[in-house]
Amino acid sequence: QVQLVESGGGLAQAGASLRLSCAASGRTFVAKAVGWFRQAPGKTREFVATISWVGSVTYYSDSVKGRFTISRDNDKNTVYLQMNSLNTEDTAVYYCARSKYSSIRTSSTDYDYWGQGTQVTVSS
């Protein structure tokens, strides 16, 4: 059974940092890219960041570029999202997802398994 479990969300002050983790069951992440998406209240889910299977290629949305860093530890079947310089617009439920492909993708339709999400709330 494929399972993705996010953790690390919570309440943070503007300017602070949080690190999200996404742990996968078994060999779920083998040969697959992984992405982070987020959904704010009243908004559609949006792409945040993605990382290729070997970790050599990453891509970010313009809204988080330079502030967020995606990384992965394939030995631990875990992907991370380091979020620095948080602002109130980063408030959302963050989801990790496994891509159908080994190379990076930004469309949610290219992802087949999703975690349950972790809430990130940034206060001013």
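Criteria and cut-off values
- Residues numbered from 1 in each chain as written.
- Predicted model: local features only at pLDDT ≥ 70, side-chain atom pairs only at ≥ 80, totals over all residues.
- Heavy atoms only, no water.
- Helix = DSSP H or I, 4+ residues; strand = E, 2+ residues; numbered from the N terminus.
- Buried < 20%, exposed > 50% of the residue type's maximum accessible area, 1.4 Å probe, protein only.
- Contact = heavy atoms within 4.5 Å.
- Phe/Tyr/Trp six-rings, centres within 6.5 Å; stacked < 30°, edge-to-face > 60°.
- Lys NZ or Arg CZ within 6 Å of the ring centre and 35° of its normal.
- Disulfide = S-S within 2.5 Å.

J.: Report on the overall build of the protein chain, specifying residues and quantitative values.
T.: Regarding its fold elements, the protein chain presents zero helices and 11 strands. Scanning the protein chain from its N terminus toward the C terminus, one meets helices and strands in the order β-β-β-β-β-β-β-β-β-β-β. Taken along the three principal axes of its C-alpha coordinates, the protein chain extends 40 × 25 × 25 Å. Counting over 124 residues, the protein chain shows a buried share of 42%. Counting contacts in the protein chain only where the partners sit at least 6 residues apart, residues at least 24 apart contribute 58% of the total.

J.: Tell me what's going on with the packing of aromatic side chains, and back it up with residues and numbers.
T.: With the rule as written, the count across this model stands at five aromatic pairs. Aromatic pair F37 and F47: ring centres 5.8 Å apart, planes at 75°, arrangement edge-to-face. A residue pair is termed long-range when its members are at least 10 positions apart, and F37 in strand β4 (residues 34–39) and F47 in strand β5 (residues 46–51) qualify at 10 residues. Its relative accessible area of 13% is what places F47 among the buried residues. Pairwise contacts between aromatic rings join F37, F47, Y59, Y111 and W114 into one cluster. Its guanidinium or amino end placed over the ring of W114, R45 lies 4.7 Å from that ring's centre, counting from NZ or CZ. Looking at R105, its charged tip hangs above the ring of Y101, at a distance of 4.2 Å from the centre.

J.: Talk me through the state of the cysteines; I want residue IDs and the actual numbers.
T.: Counted under the stated rule, the structure contains one disulfide. Between the sulfur of C22 and that of C96 lies a disulfide, 1.9 Å long from S to S. Residues C22 and C96 share a disulfide whose torsion about the S-S bond is about 50°; that sign makes it right-handed. One end of the pair, C22, is in strand β3 (residues 18–24); the other, C96, is in strand β9 (residues 92–99), with 74 residues separating them in the sequence. Here C22 matches C96 in class, with each residue buried.

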